[in-house]
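Examining the three-dimensional arrangement
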Amino acid sequence: MPPAPPRPLILGSTSAYRRELLARLRLPFDTAAPDVDETPLPGEAPADLARRLARAKAQAVARRHPQAIVIGSDQVADLDGAGLGKPGSHARAVAQLRAMRGRTVRFHTALAVVCAATGYAAEDVAVVEVRFRDLSDAEIERYLQAERPYDCAGSAKSEGLGIALLEAIVSDDPTALVGLPLIRTARLLRAAGVTLP
């Protein structure tokens, strides 16, 4: 009897950053919008918010595609226990970067892998500590005009010009800061039955 064909793989995200990262694993996959409300719950810690949203995104897509293995991910920047989401505007990005200058920010990148048909569900969180330089207002303005990172948690795109804002990045999963921790993703996909090198 021939082996069963591999299950479809779906990234439950519309993020171009996550799509580019997952493509590094050289697996065929589709993407689907999870349509999840990302509003934090009252008093919800940044790490808990990231984990809840990653799980909710994977589950939402898995309900529509029960035979697929679905990946959900979310990232929340954490400055002294307060969550910093996507700024969405220039003014909010300025405020975020001013608050983070000279400080260490923890980025919680949560991951969930779900397959409704098999009952598989697993999750993990990668924490990345990012030390920001003591940025001047002029540096912040030049960066924002050049990069326009209004769709990135914490307003800093480390994979682009945002790297110049930083003193150091400390992580055990270097892709986590961009939005999808690939070391953890590969681990959970293997556990779900996906063949990887």
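All of the points below concern the structure found in this document.

Conventions used here
- Residues numbered from 1 in each chain as written.
- Predicted model: local features only at pLDDT ≥ 70, side-chain atom pairs only at ≥ 80, totals over all residues.
- Heavy atoms only, no water.
- Buried < 20%, exposed > 50% of the residue type's maximum accessible area, 1.4 Å probe, protein only.
- Helix = DSSP H or I, 4+ residues; strand = E, 2+ residues; numbered from the N terminus.
- Pairing = 2+ DSSP bridges.
- Contact = heavy atoms within 4.5 Å.
- Polar contact = N/O pair within 3.5 Å; in protein donor to acceptor, adjacent residues only side chain to side chain.

This next bit is on the pairing of strand β5 (residues 104-115). Most of β5 sits out of view: ten of its twelve residues are buried. Across nine bridges, strand β3 (residues 69-79) lies against β5 in antiparallel orientation. The residue bridging Val 70 from the neighbouring strand is Val 114, located in β5. Taken together, the twelve bridges between β5 and strand β6 (residues 120-132) define a ladder with antiparallel strand orientation. Residue pairing in the sheet places Cys 115 in a bridge with Tyr 120 of β6. Linking two consecutive strands that pair antiparallel, namely β5 and β6, is a turn of four residues; a positive phi of about 80° is found at Gly 119 within it.

It is worth spelling out the environment of Glu 129 at this point. By the secondary structure assignment, Glu 129 is in strand β6. Residues contacting Glu 129, with those up to four places away along its chain left out, are Thr 104, Val 105, Arg 106, Ala 168, Ile 169 and Val 170. Within the structure, the side chain of Glu 129 is placed 2.8 Å from the side chain of Arg 106, a separation counted as a polar contact.

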